[in-house]
Amino acid sequence: MILIGFDFDLKIFFFIPRRHTLKSLFTNVIKGSTVLGLYLVPAFLYCLYNNLAFHNLSVFDPTTYYLLLQFRVVITGILFQIIFKKYLSRKQWLSLTLLTLGCMVKQIDFGDTHQVIKSTDDEAKPPKNTIGFDLSINAIFILIQTVCSCLAGVYNEYLLKDKGQDINIYIQNVFMYIDSILCNGLLLLFTGNFQSAF
C-alpha cells in the first residue's frame, strides 16, 4: 500500500500543477535532506502503529478496539497544547472528557460474558476479549499504538509548519514514503519476513 501511495505521489509531483523533471526531484530531495532524516521519526511511529493494529485487532473485538483508539483524540489534544502552545477551550475539554468517560463506561463488566469458542479441531481456544481489557500486555500494546498515532500526527504537523515549510508538500510526501518504505523494510528484515513480502 505504501508503494502504491509513493507511486501516486510521484505522478502528482510530475504532472500537477506544473511540469517537473526527475532532476528537479533529486535536487529537491538533496536540498531537503535534513528534513528527509526528520521524517524517519513519524515513519517509524506509523510503522509501529500499523503493525500493532494487526495484533490488537486479533486480541480485541472491533468495537472495543475502535473505542479505545478514540482515546488518541485526548492524547493529541494534550500533545498539541504542549508542542504548539495553543490551548483548548472549555467546550473542547468537555468534549474530550465525555469521550474519555465513554471509553471508561465501555470497559465496565456487566456480567459474565466469557465464552469458550470451539475451533474446527474441537480444541478449546481462549475467547477474544469482548468486554474490554484487563491490565495486561495487550492494554500496553493498545496504549503504545495510540501514543504512536498521536506523536506521529503532531510531529508531522510540526515538520510541515516549521522545519519543512520551505519544502514543496509533494517532496515532503516523497520523504515520508521513502522513510516508511525503509522502516517497514527493516522491520520485515528484522522479523525474517522480507522474502515472503514479495
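First, a word on what this report is: a plain description of the structure on this page.

Thresholds applied
- Residues numbered from 1 in each chain as written.
- Predicted model: local features only at pLDDT ≥ 70, side-chain atom pairs only at ≥ 80, totals over all residues.
- Heavy atoms only, no water.
- Helix = DSSP H or I, 4+ residues; strand = E, 2+ residues; numbered from the N terminus.
- Buried < 20%, exposed > 50% of the residue type's maximum accessible area, 1.4 Å probe, protein only.
- Contact = heavy atoms within 4.5 Å.
- Areas by Shrake-Rupley, 256 points an atom, 1.4 Å probe, with all protein chains shown as cover.
- Disulfide = S-S within 2.5 Å.
- Salt bridge = Lys/Arg side-chain N within 4 Å of Asp/Glu carboxyl O.
- Phe/Tyr/Trp six-rings, centres within 6.5 Å; stacked < 30°, edge-to-face > 60°.
- Patch = residues over 30% accessible without salt bridge, like charges linked within 9 Å, V, L, I, M, F, W, Y side chains within 5 Å.
- Polar contact = N/O pair within 3.5 Å; in protein donor to acceptor, adjacent residues only side chain to side chain.

The next point concerns the overall build of the protein. When helices and strands are tallied, the protein shows nine helices and two strands. Ordered by position in the sequence, the α and β elements of the protein form the string α-α-α-α-α-α-α-β-β-α-α. Counting every position in the protein, which comprises 198 residues, the buried fraction comes to 32%. Contacts spanning at least 24 positions in sequence make up 74% of the contacts within the protein whose residues lie at least 6 apart. For the protein, the exposed surface amounts to about 13000 Å²; the carbon and sulfur share of it is 67%.

Our focus in this paragraph is the state of the cysteines. Working definition of a disulfide: a covalent bond connecting the sulfur atoms of two cysteines. With the rule as written, the count across this model stands at zero disulfides. Free cysteine cysteine 47: the closest other cysteine sulfur is in cysteine 183, separated by 5.7 Å. Of the residues examined, cysteine 47 reaches a relative accessible area of 5% and is grouped as buried. Take cysteine 148: it sits in no disulfide, and the sulfur closest to it among the cysteines is that of cysteine 150, at 9.2 Å. Look at cysteine 148 and you get buried, because its relative accessible area is 5%.

Glancing now at the pattern of salt bridges. Under the defined criterion, the tally for this structure stands at one salt bridge. One salt bridge connects lysine 161 with glutamate 157, and the closest N-O pair in it is separated by 2.6 Å. With lysine 161 and glutamate 157 both in helix α8 (residues 137–163) and four residues apart, this pair spans about one turn of that helix. Judged by its relative accessible area of 43%, lysine 161 falls in the partly exposed class. By relative accessible area, which is 25% here, glutamate 157 ends up partly exposed.

The subject of this paragraph is the packing of aromatic side chains. One pass over the structure, following the stated rule, counts three aromatic pairs. Aromatic side chains tyrosine 65 and tyrosine 66 sit 4.9 Å apart centroid to centroid with 75 degrees between the ring planes, which places their arrangement in the edge-to-face category. Relative accessible area serves as the criterion here: at 2%, tyrosine 65 is assigned to the buried category. Look at tyrosine 155 and tyrosine 158: their rings are 6.0 Å apart centre to centre, the planes differ by 40 degrees, and that puts the pair in the tilted class. Here tyrosine 155 pairs with tyrosine 158, and both are found in helix α8, just three residues apart, close to one helical turn. With a relative accessible area of 26%, tyrosine 158 lands in the partly exposed category.

Turning next to a nonpolar patch on the surface. Residues Phe44, Leu48, Ile137, Ile140 and Ile144 make up a contiguous nonpolar surface patch of roughly 420 Å² in combined accessible area. Counting residues per element, the ones that place at least two in the nonpolar patch are α4 (40–59) and α8. Looking at the nonpolar patch, the element that brings in the most residues is α8, giving three residues. Along the chain, the position of isoleucine 137 falls in helix α8. According to the relative accessible area criterion, isoleucine 137 is partly exposed, its value standing at 48%.

Along the polypeptide, glutamine 145 turns up in helix α8. On the basis of relative accessible area, glutamine 145 is assigned to the buried category, the value being 0%. Only 2.6 Å separates the side chain of glutamine 145 from the side chain of asparagine 56, close enough to count as a polar contact. The contact partners of glutamine 145, leaving out residues within four places of it in the chain, are Tyr49, Leu52, Ala53, Asn56, Tyr65 and Leu69.

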